[in-house]
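Breakdown of the fold
This is what each chain is made of:
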Amino acid sequence: MEVVIVEDSHTGSRLVGGAIAQLLTDKPEAVLGLATGSTPLGVYDDLARRHEQDDLSFAKARGFALDEYVGLPRNHPESYRSVLQREIVGRVNFAPDAVQSPNGWAEDIPAACAEYEAAIRAAGGIDLQLLGVGTDGHIGFNEPTSSLASLTRVKSLTEQTRIDNARFFDDDVSAVPHHVVTQGVGTIRRARHPVLLAWGEGKADAVAATVEGPVSAMVPSSALQLIEHATVVVDEGAASKLRLRDYYQTVYTNKPDWQGL
């Protein structure tokens, strides 16, 4: 696992946007794993800028959303399908239907979950998976105690996660669904390059547990320690509780340019 400590979220977002741009340049048909929430929005802004100013093309790329609420109307502005359309898909030149989301509206949710896993495999797997991390260490919506081998499935949200997400629903916790369909920890671990982003002191405990704590289902994000090529990009606040902070900074400062992110 590589830990990259940046000055602020803007710097980190541009760094990750640059890594995705390089991936698309080297492999135009790359498969991207797309997260929602507020954390990756700066990355999407950077990618849209690169598309407009530098002609970065998504025409051959494919994408898979990390998760989706169960029960929200398809056209609800906070369904993750709508969020991704608004924040990235509709701002660049993905081909029609090139970005898929878990089906939170299916009559047979377990079957839809299996179909989503099959679609990811059929696409050749995810090349780069964007991730945020919850204050309790959840990735996607894999709450604490999630199996580290889990695949796409239905999960019940903790009350804290619903409270955290109420800001997207006019601060009305009662409007936040209780269930989601999410890629599992095992699904995320199959990605060739998971990139976890975290901004602010509020994520410092989760980042420390992710990077330096034991691998545990109580901290699903700690499963990234088991992946050969995983990157954690954090700002100064989110890095504030890392014991080996100076070491991570030294390693990154002296990293050969050819290695990239």
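For the structure, see preceding data.
Fair warning: this is a prediction, and the values are worked out from it, not measured in the lab. (Residues numbered from 1 in each chain as written. Predicted model: local features only at pLDDT ≥ 70, side-chain atom pairs only at ≥ 80, totals over all residues. Heavy atoms only, no water.)

All right, on to helix 7 (residues 204-212) then. Among the nine residues of helix 7, seven are classified as buried, and the element is accordingly described as predominantly covered. By the burial criterion, the buried members of helix 7 are Ala204, Ala206, Val207, Ala208, Thr210, Val211 and Glu212. Buried residues along helix 7 sit in contact with strand 1 (2-6), strand 9 (194-198), strand 10 (231-235) and helix 8 (245-253). (Buried < 20%, exposed > 50% of the residue type's maximum accessible area, 1.4 Å probe, protein only. Helix = DSSP H or I, 4+ residues; strand = E, 2+ residues; numbered from the N terminus. Contact = heavy atoms within 4.5 Å.)

For Asp67, the location among the structural elements is in strand 4 (residues 67-69). Those residues in contact with Asp67 that lie beyond four places of it in its chain are Thr36, Tyr80, Pro102, Gly140, Phe141, Val181 and Thr182.

Once that is clear, we can look at the sheet that holds strand 8 (residues 179-182). With antiparallel pairing, the three strands of this open sheet are ordered in space as 4-8-7. Here the strands that pair on one side only, and so sit at the sheet edges, are strand 4 and strand 7 (153-156). The sheet shows a mean angle of 30° between the axes of neighbouring strands, taken without regard to direction. Here four bridges tie strand 7 to strand 8, and the two strands are oriented antiparallel to one another. Across the sheet, Lys155 pairs through a bridge with Val180, a residue of strand 8. (Pairing = 2+ DSSP bridges. Axes fitted to C-alpha atoms, helices over the stretch in contact; angles between N-to-C directions.)

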